[in-house]
Number of protein chains: 2
Amino acid sequence: MAQPKIRNMEEFASLSGISRPTVSKYFNDPDSVRASTRAKIEASLKKHDYQPNVFAMNQNRRTTKNIGVVVPNLADPFFSEIGRRVELACIDAGYSPILLSSHGSPEMERDNLKTLRSLKPAGVLLAPFGRMSDEAAVQAFDEEFPLVLFDANMAKVGQAFVGTDNGQSVDLMVEYLCRSGEPPCFFEMRNPTNPNANKRRQAYIESMERHGQEPRIFQAEGEGWNFEEIGSTEGARLLSSKAFSTNTILCSNDRLAIGMLSAAYGLGLRVGHGTGCDLRIAGHDDHPFSRYTCPPLTTIAQDYEAIANRAVSELFGILEDDERLSDRTETTFDGRLIMRDSA
Amino acid sequence: MAQPKIRNMEEFASLSGISRPTVSKYFNDPDSVRASTRAKIEASLKKHDYQPNVFAMNQNRRTTKNIGVVVPNLADPFFSEIGRRVELACIDAGYSPILLSSHGSPEMERDNLKTLRSLKPAGVLLAPFGRMSDEAAVQAFDEEFPLVLFDANMAKVGQAFVGTDNGQSVDLMVEYLCRSGEPPCFFEMRNPTNPNANKRRQAYIESMERHGQEPRIFQAEGEGWNFEEIGSTEGARLLSSKAFSTNTILCSNDRLAIGMLSAAYGLGLRVGHGTGCDLRIAGHDDHPFSRYTCPPLTTIAQDYEAIANRAVSELFGILEDDERLSDRTETTFDGRLIMRDSA
DNA sequence: TATATATATTTACGCGCGCTAAATTTTAAT
DNA sequence: ATTAAAATTTAGCGCGCGTAAATATATATA
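Analysis parameters
Residues numbered from 1 in each chain as written. Chains lettered and ligands numbered in written order. Predicted model: local features only at pLDDT ≥ 70, side-chain atom pairs only at ≥ 80, totals over all residues. Heavy atoms only, no water. Near = heavy atom within 4 Å. Polar contact = N/O pair within 3.5 Å; in protein donor to acceptor, adjacent residues only side chain to side chain. Nonpolar A, V, L, I, M, F, W, Y, C, P; charged D, E, K, R; others polar. Domains from an automatic or database assignment. Contact = heavy atoms within 4.5 Å. Buried area = accessible area lost by both parts, 1.4 Å probe. Salt bridge = Lys/Arg side-chain N within 4 Å of Asp/Glu carboxyl O. Helix = DSSP H or I, 4+ residues; strand = E, 2+ residues; numbered from the N terminus. Buried < 20%, exposed > 50% of the residue type's maximum accessible area, 1.4 Å probe, protein only. Core = buried A, V, L, I, M, F, W, Y, C linked by side-chain atoms within 4.5 Å. Pairing = 2+ DSSP bridges. Axes fitted to C-alpha atoms, helices over the stretch in contact; angles between N-to-C directions. UniProt positions renumbered as here; feature names shortened; annotations may be inferred. Least-squares fit on C-alpha atoms with pLDDT ≥ 70 in both. Expected span 1.5 Å × (residues − 1).

Looking at an unreviewed UniProt entry, one finds chain A named DNA-binding LacI/PurR family transcriptional regulator, with Yoonia sediminilitoris as its source organism.

Caption draft 1: Quick look at the protein's contact with DNA strand D. Around DNA strand D, 26 residues are found, and the nearest of them are Thr37(A), Met9(B), Ser24(B), Tyr50(B) and Arg62(B). Arg20(B) is positioned such that a nitrogen or oxygen atom in its side chain is 2.8 Å from a base oxygen of DNA strand D. Side-chain polar atom of Ser24(B) to a phosphate oxygen of DNA strand D: 2.3 Å apart, as the coordinates give it. Class assignment for the residues of the surface near DNA strand D results in eight nonpolar, twelve polar and six charged.

Caption draft 2: The domain arrangement of chain A, seen in detail. Residues and elements named next belong to chain A. What the domain assignment lists for chain A is domain 1 (9-54), domain 2 (66-163 + 304-333) and domain 3 (166-301). Taken over C-alpha atoms, the centre of domain 2 sits 29 Å from the centre of domain 3. Contacts between domain 2 and domain 3 engage 15 residues on the former and 13 residues on the latter. For the pair domain 2 and domain 3, the summed buried surface comes to about 1100 Å²; carbon and sulfur atoms form 52% of the total. In this assembly, domain 2 and domain 3 are joined by one salt bridge. Ionic pairing is found between aspartate 76 and arginine 255, a salt bridge with its closest N-O pair at 2.9 Å. Inspection of the domain 2/domain 3 interface yields four residue pairs in polar contact (both at pLDDT 80 or more).

Caption draft 3: Seen up close, unusual backbone geometry. Residue and element names in this part refer to chain A. Cis peptide bonds are those with omega within 30 degrees of zero, and the linkage from cysteine 294 to proline 295 qualifies with -10°. By secondary structure assignment, the location of proline 295 is in the loop between strand E9 (280-282) and strand E10 (299-301). In this structure, lysine 120 takes a positive phi of about 45° despite not being glycine. You can see lysine 120 is positioned in the loop between helix H6 (106-117) and strand E3 (123-126). Assessed through its relative accessible area of 24%, lysine 120 is described here as partly exposed. Here the phi dihedral of aspartate 151 falls at roughly 70°; this positive angle occurs in a residue that is not glycine. Mapped onto the secondary structure, aspartate 151 falls in the loop between strand E4 (147-150) and strand E5 (160-164).

Caption draft 4: Geometry of the interface of chain A and chain B. Each side of the interface is counted separately: chain A has 39 residues, and chain B has 39 residues. Applying the counting rule to chain A against chain B returns zero salt bridges. At the surface where chain A touches chain B, the tally comes to five residue pairs in polar contact (both at pLDDT 80 or more). Of all the secondary-structure elements, those providing two or more residues to the side of chain A that touches chain B are helix H4 (54-59), helix H5 (77-92), H6, helix H10 (227-240) and helix H11 (254-266) of chain A. Ranked by the residues each element gives to the side of chain A that touches chain B, the list is headed by H4(A), at five residues. Partitioning the side of chain A that touches chain B into residue classes produces 16 nonpolar, twelve polar and eleven charged.

Caption draft 5: The nonpolar core, seen in detail. Counting residues in hydrophobic clusters, the biggest one holds 137 residues, and the most contacted among them are Ile67(A), Leu125(A), Phe187(A), Ile281(A), Leu125(B), Phe187(B) and Ile281(B). In terms of residue count, the dominant contributor to this core is helix H12 (residues 304-320) of chain A (ten residues). The next biggest cluster of nonpolar side chains, apart from the first, holds 34 residues, and it includes Val124(A), Leu126(B), Val138(B) and Leu147(B).

Caption draft 6: Region of interest: the sheet that holds strand E6 (residues 185-189) of chain A. All names here are of chain A. Across the sheet, four strands lie side by side as E7-E6-E8-E9; this open sheet has parallel pairing. A single partner strand is all that each edge strand has here, and the edge strands are strand E7 (217-220) and E9. Between one strand axis and the next, the sheet turns through 25° on average, direction left out of account. Here three bridges tie strand E8 (residues 248-251) to E9, and the two strands are oriented parallel to one another. Of the residues in E9, the one forming a bridge with threonine 248 is arginine 280. Against the sheet, helix H9 (residues 196-210) contacts E6, E7 and E8, and its axis sits at roughly 165° relative to E6.

Caption draft 7: Representation of the UniProt feature "domain: HTH lacI-type" (unreviewed entry) in chain A. Residues annotated in UniProt with the feature "domain: HTH lacI-type" (unreviewed entry) correspond here to residues 7-61 of chain A. Segment residues 7-61 of chain A splits into 67% helix and 0% strand. End C-alpha atoms: 21 Å apart.

Caption draft 8: Summary view of the relation of the copies chain A and chain B. Least-squares fitting of chain A to chain B yields an RMSD of 0.2 Å, with the superposition described by an axial translation of 0.1 Å and a rotation of 180°. Expressed as a symmetry operation, the mapping of one chain copy onto the other fits a two-fold axis. When C-alpha positions in chain A are compared against the rotation axis, the closest is assigned to Phe55(A), at 2.2 Å. Counting the interface residues of chain A, we find that 100% of their copies in chain B are interface residues as well, pointing to one common contact surface.

Caption draft 9: The arrangement of helix H8 (residues 166-180) of chain B in detail. All names here are of chain B. In this model H8 runs 21 Å from its N-terminal to its C-terminal C-alpha over 15 residues, within 8% of the 21 Å that 1.5 Å per residue would give. Residues Asn166, Ser169, Val170, Met173, Val174, Tyr176, Leu177 and Cys178 constitute the buried set of H8. Looking at the buried positions of H8, the neighbouring elements they touch are strand E5 (160-164), helix H9 (196-210), strand E8 (248-251), strand E9 (280-282), strand E10 (299-301) and strand E12 (336-338). In this structure aspartate 165 caps H8, since a side-chain oxygen of it lies 3.0 Å from the backbone nitrogen of glycine 167.

Caption draft 10: Layout of the UniProt feature "domain: HTH cro/C1-type" (unreviewed entry) in chain A. Under the UniProt annotation, "domain: HTH cro/C1-type" (unreviewed entry) lies at residues 9-51 of chain A. Measuring from the first to the last C-alpha atom of residues 9-51 of chain A gives 8 Å, for a span that is 72% helix and 0% strand.

And the structure:
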């Protein structure tokens, strides 16, 4: 790092003994210049500590290196985890990820898309709210930018979707629960903010029917993203009134299950599959904390890594062949059954 | 929204019947133009759906409206929560927050600061790693931009610091634990990544001495940010070997406590302050899940809201009087004791 | 109504870099 | 050594907006 502060690319180029356009090419793609000049530039970079002005770079460019990443709620560990992986994958590919959380509000999702539009992203990875998303806004966005959806699907929007096969994953859990004890009832929110909830309910019903069992669904009242609170309050209400028709409860997601575990504990009910247990509780998502609940939560692990990587590679695939492919792809990964002590 | 897509401010200005520089002034500060022209512009905005090009806007500007927000790890609910509040406070003030997570890595903190520098932020809010942070990089950043630290302090860096008074908060907990049962031992990581850990240990020692008790510290081996895992593994080891000299364990933070609770459950130990309980466990931070652990965790609540708001207002205060104030301020808020069932 | 002051407009320039086309040099292939 | 191909240089325009100075217009004060 030298003392004289470099003002612009022109100056850096002449200090490096290279012309400005060549330096410009280097910053856009280091492999597009001859190895010997690349070496000269990189040597000079180590001496001089220059980085191009982002705003000038992006202003007059056909397409930037920005990748927008929008998730419904970073406070939810599922999204913070998958967001992290997506972010790192973008950086590895030489892009600049811009991670935005909608903080649980579909309106802010719309705002986030608006913000992103002004950043001229090369592409966008969106985990939408689903039916609660501003469909027109997402659709308009889809027409303007390469868009890949993940986690939650929306009909005919985005050039690709990547997520978990809820049919497979829920069936896996139902099968296990039926085989190892009483068939499960299903616990979910009446007005789920999570769009996968509907798929999971449907998958539960179908799976139960395949097993010759009657599906039983219990719906919790409550709005918003405070799933643990809802699971705990409504779980306590249902448990104490002995509303459940079976001793096995499959929760729509781990956060509800964590609330349910807390409710069971409060009522002095022993949760687990061992002898002397009153109740089995299972979840879905392999939430980072589900390993440390009491008892540890039996759940379905979504393949975060695969979903994040595939979503990113789908997007980059689209970016490379700038032809807009007509065929929308949908990729789902299997869930894995994580057997712990709660069920 | 009209059909003809507006290309630039020139076009929008003439459509609105106003000159471009006046429109430019409006976007920089709506209150800086006459009410009647502001009304004309806003009416036109509703018709035409134009927004200025971010890159062109920021390129030739003395100072942007960007506020950088850097946290050590968004996967930690504490930071995702405080990051969320900071973000919203910035938006309310008409700024564009850019939230960056260092994903637990001090190297990425350095990269994030580098990224931010190229975005010419009006100011930066940084929750540093503390001693693990690249001190030179942070210091250099401090000289270039208005910088406010939060959560973790660094000596003489940043123009202000906002956080929790660990001395007060830990003392509050120690006092409660001593008063209500056996005096606590202290459980922490040997090489804590969280910089507040050292302050808490010190606070624990001093508080115990004030209470005429001998401090006892137990340190867990383990690196990284997987605190629950470390708390669980090391907790199980210590509990099963009956290493603890008291039945009361104060954990350096809630995530370690959650791991410890899990270990106690696995060993069949009953946690709580009631009769028939074997162990009391307390934490620190009022982690979002601490309310739903089994039993619910007694802990210290940091005042997220106050810390976030004060950090933001400190920064905006600095931005307004562009004179660089010589006096560095340090603000700490008291923690609140949250009594639940675990201790 | 005349004068002083605040606000708008006009004019003009520059920011730092992307991008292009033609001229030139370097490298690789014969 | 000759030739073709690839890389670099030179030269120059343009992006969309910030900003400053000069000028014109509107509002407040006398």
